[in-house]
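This is what each chain is made of:
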Amino acid sequence: MTEPFSVRLEVRVYEIDPQLHLNGGFYIQYADHARFACVQAAGVSVEDLIGSGLGPVNLETVIRYHRELRGGDQVDVTCDWEWGTGKTYRVHHLFRHPDGGLAAEVSHVSGLLDLKTRRLVPDPGREWHTRATKPELLGLTP
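Residues numbered from 1 in each chain as written. Predicted model: local features only at pLDDT ≥ 70, side-chain atom pairs only at ≥ 80, totals over all residues. Heavy atoms only, no water.

Considerations on the packing of aromatic side chains
Worth spelling out the cut-off: The pairing test for Phe, Tyr and Trp rings, Trp by its six-membered ring, is centres within 6.5 Å, and the orientation test on the planes gives stacked under 30 degrees, edge-to-face over 60, and tilted for anything in between. Each residue is placed in one exposure class: buried if its accessible area under a 1.4 Å probe, protein chains only, is under 20% of its type's maximum, exposed if it is over 50%, and partly exposed if it falls in between.
A complete count under the given rule lists 7 aromatic pairs for this structure. Look at tryptophan 81 and tryptophan 83: their rings are 5.9 Å apart centre to centre, the planes differ by 5°, and that puts the pair in the stacked class. With a centroid separation of 5.8 Å and 25° between ring planes, the pair formed by tryptophan 81 and tyrosine 89 is classed as stacked. Summarising the burial analysis for this pair, tryptophan 81 and tyrosine 89 share the class buried. Ring pairs connect the aromatic residues Tyr27, Tyr30, Tyr65 and Phe95, which therefore count as one cluster.

Side note on the pairing of strand β4 (residues 88-96)
Quick reminder of the rule: The helix and strand labels rest on DSSP assignments: H or I over at least four residues marks a helix, E over at least two residues marks a strand, and numbering proceeds from the N terminus. For two strands to pair, DSSP has to find at least two bridges joining them.
A one-sided burial pattern is seen for β4, the buried positions being Tyr89, Val91, His93 and Phe95 and the unburied ones Thr88, Arg90, His92, Leu94 and Arg96. Across 6 bridges, strand β3 (residues 74-83) lies against β4 in antiparallel orientation. Paired with aspartate 76 across the two strands is arginine 96, which belongs to β4. With antiparallel pairing between neighbouring strands as the criterion, β3 and β4 make up a hairpin whose turn holds 4 residues. Examined bridge by bridge, β4 and strand β5 (residues 102-114) share 9 bridges and lie antiparallel to one another. Residue histidine 93 lies in a different strand from β5, and its bridge partner there is valine 106. Count of turn residues in the β4/β5 antiparallel hairpin: 5 residues, of which glycine 100 carries a positive phi of about 95°.

So this is what it looks like as structure tokens:
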């Protein structure tokens, strides 16, 4: 099994809340950033995806906090995809301090929206796979 895709980010001072830790909304933005970087690394052009009439959507997001992130901290955000047989898939993000300590988890239930019909496509894994040059980064078989 290969390690999930990961990006390193630094907590910026304007992202902290009055308790001096990372504001909750930024966890979602960091997860979005990691997922977008993963999709790009997998060779998928989001512009082409949207141009073909499909758009990724998050249907549910759950954040679990473990250890705080503070201004100036660095954090590694992973992106791990889980595929089933239906219209949705899951993307899991682990937020780790450089020492490996778990700071948070963000999980999404996602799908691909047909932008014309406004309905989820029946097999999102197939749609991602046909567009990826490195589908293994998306948890799909090469």
